[in-house]
Amino acid sequence: METREPAQPIAFLQWLRTRVAVRGLRARTPVLERDGTMTFPLVPADDARGVVRVRWSPGPASGDRPTVVHAGVVGAVWSDEAPPAVVREVAASLASLVARDDPVFLRVGPGPDDPVPFTPEGLGDLLRRQVRPGETRWGPFLAVAFEQPDAHRLVFRFEGDGGSPAVVVALVAPPSKARFRRGDLSFVVVEDTRTPDQRRRADHQVERLIGFAVGRALARDPPLVVPETPDAVPAAPGCAESAAPVADGVDPLHARARHEAFIRRWNAEWRWRRFLYPASRCIVNLFRLGPEDALVVHESLECVQNEPPWLPADSAFWHTRRGTRVGEFWQRARVEVTDLREADVVRGRTMDALEAALEATATRPGGRSVVVVSGCLPNVIGDNPVPAMRRLSRTSPCRFYWVGNTNDFQGYTAALIRDRLMEVAPASAARDPLGFAIVGGGSPRENRDLLDLAARAGLHPMGVVLPDVGYDVFARVARARVFAWANQSALRDLSELAFSELPVVLLRPPSPVGVRGTFEWLRQVVAQAAPGMVARVAAMENDESLRSRLQRLRARTGRHRLVFVADREDLGLLLDTRPMYAYSLLDVLVEMGFGLRFAVHGDPEAYRDVVQEFEARGWGGRVDLVPFGSPRELTEALREPGGGAVFSNITADPRVTAAGRTVFSEADVEMGVEGFFRTAERLAGRCEVRPLAGFERWLAGGGA
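Here the structure is a predicted model, which is why all the values come from computation and not from measurement.

Rules used throughout
- Residues numbered from 1 in each chain as written.
- Predicted model: local features only at pLDDT ≥ 70, side-chain atom pairs only at ≥ 80, totals over all residues.
- Heavy atoms only, no water.
- Helix = DSSP H or I, 4+ residues; strand = E, 2+ residues; numbered from the N terminus.
- Buried < 20%, exposed > 50% of the residue type's maximum accessible area, 1.4 Å probe, protein only.
- Contact = heavy atoms within 4.5 Å.
- Areas by Shrake-Rupley, 256 points an atom, 1.4 Å probe, with all protein chains shown as cover.
- Axes fitted to C-alpha atoms, helices over the stretch in contact; angles between N-to-C directions.
- Parallel < 35°, antiparallel > 145°, perpendicular 65-115°, else oblique.
- Left-handed = near helix turned anticlockwise from the far one by under 90°.
- Patch = residues over 30% accessible without salt bridge, like charges linked within 9 Å, V, L, I, M, F, W, Y side chains within 5 Å.
- Salt bridge = Lys/Arg side-chain N within 4 Å of Asp/Glu carboxyl O.
- Pairing = 2+ DSSP bridges.
- Arc of directions from axis to C-beta.
- Core = buried A, V, L, I, M, F, W, Y, C linked by side-chain atoms within 4.5 Å.
- pLDDT = per-residue confidence, 0-100.
- Right-handed = clockwise from strand over helix to strand, strands pointing away.
- Phe/Tyr/Trp six-rings, centres within 6.5 Å; stacked < 30°, edge-to-face > 60°.
- Lys NZ or Arg CZ within 6 Å of the ring centre and 35° of its normal.

## A closer look at the overall build of the protein
The helix and strand tally for the protein stands at 26 helices and 27 strands. Per-residue burial for the protein yields a buried fraction of 54% across its 704 residues. Here the analysis covers contacts within the protein between residues at least 6 apart in sequence; of these, 66% occur between residues at least 24 apart. Accessible surface, the protein: about 29600 Å² in total, of which carbon and sulfur atoms supply 52%.

## Comments concerning the packing of helix α19 (residues 568-575) against helix α22 (residues 608-616)
Following both chains from N to C, one finds α19 and α22 inclined at 20°, their axes separated by 11 Å at the closest point. In this view, α19 runs roughly parallel relative to α22, as classed from their interaxial angle. Crossing of α19 against α22: the hand is left-handed. Facing R568, L571 and L575 of α19, the residues of α22 in contact are D609, V610, E613 and F614.

## Details of a nonpolar patch on the surface
On the surface, V345, V346, V380 and I381 cluster together into a nonpolar patch covering about 360 Å² of accessible area. Elements that contribute at least two residues to the nonpolar patch include exactly α9 (342-346) and α11 (376-381). One can find V345 in helix α9.

## Regarding the sheet that holds strand β21 (residues 480-485)
Read from one edge to the other, the open sheet built from four strands follows the order β20-β19-β21-β22, with strand pairing classed as parallel. Strand pairing shows two members of the sheet lacking a second neighbour, β20 (460-465) and β22 (505-507), which therefore form its edges. Between one strand axis and the next, the sheet turns through 25° on average, direction left out of account. Across five bridges, the pairing between strand β19 (residues 432-439) and β20 is parallel. The residue of β20 that forms the bridge with A437 is G463. Helix α14 (residues 444-456) contacts β19 and β20 of the sheet and is inclined by roughly 155° relative to β20. Those strands touched by helix α16 (residues 515-529) are β19, β21 and β22, and its axis lies near 155° from that of β21.

## Here we look at helix α1 (residues 9-17)
Every buried residue belonging to α1 is among P9, F12, L13 and L16, and all of these are buried. On an axial view of α1, the arc spanned by its buried residues comes to 100°, and they lie on one face.

## Quick word on the nonpolar core
As a rule of thumb, nonpolar side chains are buried together in soluble globular proteins. Of all hydrophobic cores here, the largest spans 66 residues; its most connected members are F436, L522, F564, L596 and F598. Apart from the residues lying within four places of it in its own chain, the contact partners of F436 are L451, A454, L459, H460, P461, M462, G463, A480, V482, A484, W521 and V525.

## Brief notes about the pattern of salt bridges
Opposite charge on two side chains permits pairing when their charged atoms draw close. For the coordinates displayed, the defined rule picks out 42 salt bridges. Of the charged contacts, one joins R391 and E355 as a salt bridge, the two residues approaching to 3.6 Å between their closest N and O atoms. Linking R391 in helix α12 (residues 386-393) with E355 in helix α10 (residues 350-362), this pair joins segments that are 36 residues apart in sequence. A salt bridge links R445 to E670, with the nearest nitrogen and oxygen atoms 3.7 Å apart. Residue R445 is found in helix α14, and its partner E670 is found in the loop between β27 (663-664) and α25 (673-688); the two are separated by 225 residues along the sequence. In the salt-bridge network here, residues are joined through shared partners; they are R445, D449, E670, R678 and R682.

## With respect to the confidence of the model for the protein
Counting all residues, the mean pLDDT for the protein is 81, and 80% of those residues have values of 70 or more. Note on residues 260-267: pLDDT is under 50 here. Beyond four places in sequence and across chains, it has 23 contacts.

## Some remarks on the sheet that holds strand β23 (residues 561-566)
Taken in spatial order, the five strands of this open sheet run β25-β24-β23-β26-β27, and their pairing is parallel. Two strands close off the open sheet at either side, each with one partner strand: β25 (623-628) and β27. Where strand β24 (residues 595-601) and β25 come together, six bridges link them in parallel fashion. Its bridge partner lying in β25, L596 is registered against V623.

## Describing the pairing of β21
With five of six residues buried, β21 is to be regarded as a mostly interior element. One ladder, built from five bridges, connects β19 with β21; its direction is parallel. Across the sheet, residue V439 finds its bridge partner in β21, namely W485. Pairing of β21 with β22, which is carried by three bridges, proceeds in the parallel orientation. Of the residues in β22, the one forming a bridge with A484 is L507.

## Things to note about the side chain of Q488
In this fold, Q488 is placed in the loop between β21 and β22. Apart from the residues within four sequence positions on either side, Q488 is in contact with R508, P509, P510, S511 and A582.

## Remarks on the pairing of β19
Looking along a regular strand, one sees side chains alternate from face to face of the sheet. For β19, the tally of buried residues reaches six of eight residues, placing the bulk of the element in the interior. Each parallel crossover has a hand, and for β19 linked through α14 to β20 it is right-handed.

## Looking at unusual backbone geometry
For the peptide bond that leads from L466 to P467, omega is 5°, which places it in the cis range. Assignment of secondary structure puts P467 in the loop between β20 and α15 (471-476). Phi angles above zero are rare outside glycine, and D102 is one such case at about 45°. Mapped onto the elements of the fold, D102 is located in the loop between α2 (84-101) and β7 (116-117). A positive phi angle is found at A652, which is not glycine, with a value near 45°. Relative accessible area serves as the criterion here: at 52%, A652 is assigned to the exposed category.

## With respect to the packing of aromatic side chains
According to the stated counting rule, one finds 14 aromatic pairs in the structure shown. For the ring pair F614 and W619, a centre distance of 5.9 Å and an interplane angle of 25° mean the geometry is stacked. Across the pair, exposure class does not vary: F614 and W619 are buried alike. Seen from their ring centres, F676 and F677 are 5.4 Å apart, and the 90° between their planes marks the pair as edge-to-face. Like F676, the residue F677 is buried in the burial classification. Feature note: the residues F564, F598, F614, W619, F647 and F664 constitute an aromatic cluster, connected by ring pairs. A cation over an aromatic ring shows up here: R216 above the ring of W56, its NZ or CZ 4.4 Å from the ring centre. A cation sits over an aromatic face here: R420 above Y471, 4.1 Å from the ring centre.

What follows is the structure, encoded as C-alpha cells:
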C-alpha cells in the first residue's frame with residue numbers, strides 16, 4: 001500500500017470502507033470533501049432504506065453534535081445524523097487502521113509550531129503524499145504537473161487521456177501576507193474543460209482530492225510562510241489589500257464581499273473610491289418558506305427590519321434586486337422573531353427567548369418544519385439552538401433546520417432541500433425524461449420567460465425552486481429529471497449534496513443573462529435532456545425578428561457610456577465576473593450596445609495591459625479611461641461629458657448624485673432574452689434622465 005495508494009486514491013477509498021466496522025451497519029465508499037473532511041455513508045446491513053453520515057474532520061468539530069476525539073485519530077469524528085455509539089465505533093475503526101497500517105494517504109502534516117514554506121519543496125512535499133504528478137489518478141484524470149508560477153500560487157494540473165479534458169486547480173496565498181494559516185488559503189479552479197455531466201460526478205471532481213490533500217497536510221494548522229523574493233510587490237501604503245493583477249487566477253471575492261470589505265475592515269482609507277461590493281456567496285435569509293413552515297428569526301427586531309426583504313429596496317443601504325417585496329417571509333410562513341434586547345444579552349436570557357420561540361412554532365397544528373435563522377449577535381455570543389432542536393424533535397412532527405444569514409450553516413440548508421426532494425419524489429419515483437426545473441429563480445417575470453424558452457425548445461418546464469423552498473414548490477417539480485441553476489448571485493455556495501442520491505441531473509452553467517448567455521444556458525440544458533433538439537435552440541437564436549430588435553435597441557444604447565470607478569483589483573473582478581454573478585456583466589453591457597468608461601485610480605500607464613485586454617475582446621472603440629487621484633478629481637471624472645449612469649452597489653450613492661448622475665448595478669440586470677431588452681431600456685433611461693443635473697453645484701458642496 002506504501003507505493004499504490006497515492007497513485008490510486010479511489011481504489012484506496014474502496015478498500016478503506018471494508019475497514020470501517022459498525023454493528024448493524026455497513027459502510028459505503030467514503031467521500032472526500034474540499035475542506036479536508038472525509039464522509040462515511042452508512043446504511044443498514046439488512047438493506048433497509050436510510051443512510052446516516054459520519055464525518056472525519058482534520059480540525060475540531062463545531063457546535064453541539066455527537067463528536068468523538070480519539071487519541072489515535074487526528075481531528076474529530078462527528079455526525080449530525082448518527083447516534084454517539086455509531087460515531088464512537090467509526091472513530092475506533094479509524095484509530096485501529098491508522099495504528100496498524102499507517103496509510104500514506106491518511107498521514108497529516110507538522111504541528112502548529114512548525115512553519116511550512118509555501119513552495120513545491122515545502123507544502124508541495126506534504127501534498128505529494130496524496131497527489132503525485134505522473135502517478136496519481138482520480139477517475140479518468142491523471143495529475144500531470146505541480147508548479148509554482150509565482151510566490152503566492154501553487155498550481156496542480158490534471159488531464160484526461162490525450163490531454164483533454166483538463167482541470168487546473170490553484171492554491172492562492174493572501175497577496176499581502178508573508179505568514180498565514182490554512183484558513184487564509186484560497187482554492188480556485190482556473191481552467192476547466194470538463195462537460196457539465198463530468199463536473200457533477202464525484203469521481204471526476206479533482207477538487208475533492210486537492211482539498212482533502214490540503215486538509216490532511218495542514219490538519220494541525222501549521223503556519224505557512226511565503227519566501228521573500230526580489231519580485232515581491234509590497235502592499236499599497238495605507239491600503240488593506242494589495243493591487244492584484246488582472247485575470248491572474250486569484251479570486252478575491254470573499255475579501256471584497258459587502259460584510260467583509262465594508263463593515264469589518266478597520267483600515268478603509270480606500271473606501272472613498274470603492275464602488276464595487278459583491279453580495280455574499282450564500283444569503284439564505286433570502287429564502288421564501290411555505291405555509292407549512294415556521295421561521296424563527298433569532299436577532300433583534302431592529303437588525304431584522306433594516307435588511308431586505310423587510311425593508312423597502314429603495315431605502316436599503318445596498319442596491320438590491322428589483323421587485324423585492326416588503327416582508328416577503330411574512331407572506332406564507334409563520335414567523336417568530338426573538339427580538340433580542342440589551343437586557344437579554346447582559347442577563348444571559350437570549351437562549352430562553354430562542355427556546356420559547358422554538359416551542360411555540362414546533363407545537364402549532366399542521367406544521368412540517370421549523371427553520372432557525374440566527375443573526376450576527378447570536379453568532380458572536382455563541383447561542384446554539386441545536387440542543388433545543390434535538391429535544392423538541394423527539395415529541396414534535398416537525399423537522400428542524402438551522403441556517404445563518406450568509407452561509408450554508410453546517411449543511412442544514414442542503415439537508416432542507418434534499419429532505420424535501422426525497423419526500424415529494426424519492427429515488428424510486430417516476431420522472432419525466434424531458435422534465436425540467438430551474439434552481440435559483442429571479443422575479444416572476446424572469447422565471448416565466450426562462451420557462452417559456454425551455455418549452456419552445458421542446459422541454460417540459462415544471463417550475464422553480466430556490467429561493468422558494470415551500471413544500472408545494474417542490475411538489476410541482478417532483479417529476480423533473482434535469483435541474484439547472486439560473487440566478488446564482490447569492491446562492492452559489494449551496495452544497496450540491498442537496499441533490500445527491502437522486503436520479504436527477506444538476507447543471508450549473510453560466511447564468512442566462514444576455515441574449516448569447518441565455519441561449520448558451522438553454523443549449524446546455526437541452527443537450528442534457530434531449531440532445532436531438534439542440535438545433536431548435538440555434539433556430540431560436542438566429543430568428544430574424546430578434547436580430548431586428550437588437551439593431552433597434554443598439555441605435556439607442558450606442559449613444560451612451562456606462563461608467564465604472566475601478567482600480568486594478570476591481571477590473572480583475574469585472575473582467576472575470578464568474579465568481580461574482582456566474583456571468584460577465586461587462587460582456588452583457590457591450591452586447592446591449594453601450595460604451596464603457598472606466599474612471600481609474602492612479603497612473604493610466606499602469607493600466608496598459610487592461611487596455612490590451614479590452615482591445616483583444618474587440619472593445620477598442622467602445623471603452624475609454626479617465627484617471628483620478630483624489631475625491632475632487634473623482635467627482636470631476638464622473639461629470640465628464642459623455643458619461644451616463646455610474647455603477648455602484650450603494651443605493652443612491654452620494655458620490656454619484658454629487659456628480660449629477662444616477663446609479664445602476666447588477667441588481668438592475670434581468671435574466672432571459674426579454675429581461676435583456678428590459679434591462680437595456682432601463683439603463684438607457686438612467687443615462688437619459690438626469691433630474692439632479694441642475695443641482696450639481698450644491699450636491700458637490702459648492703454654492704451659488
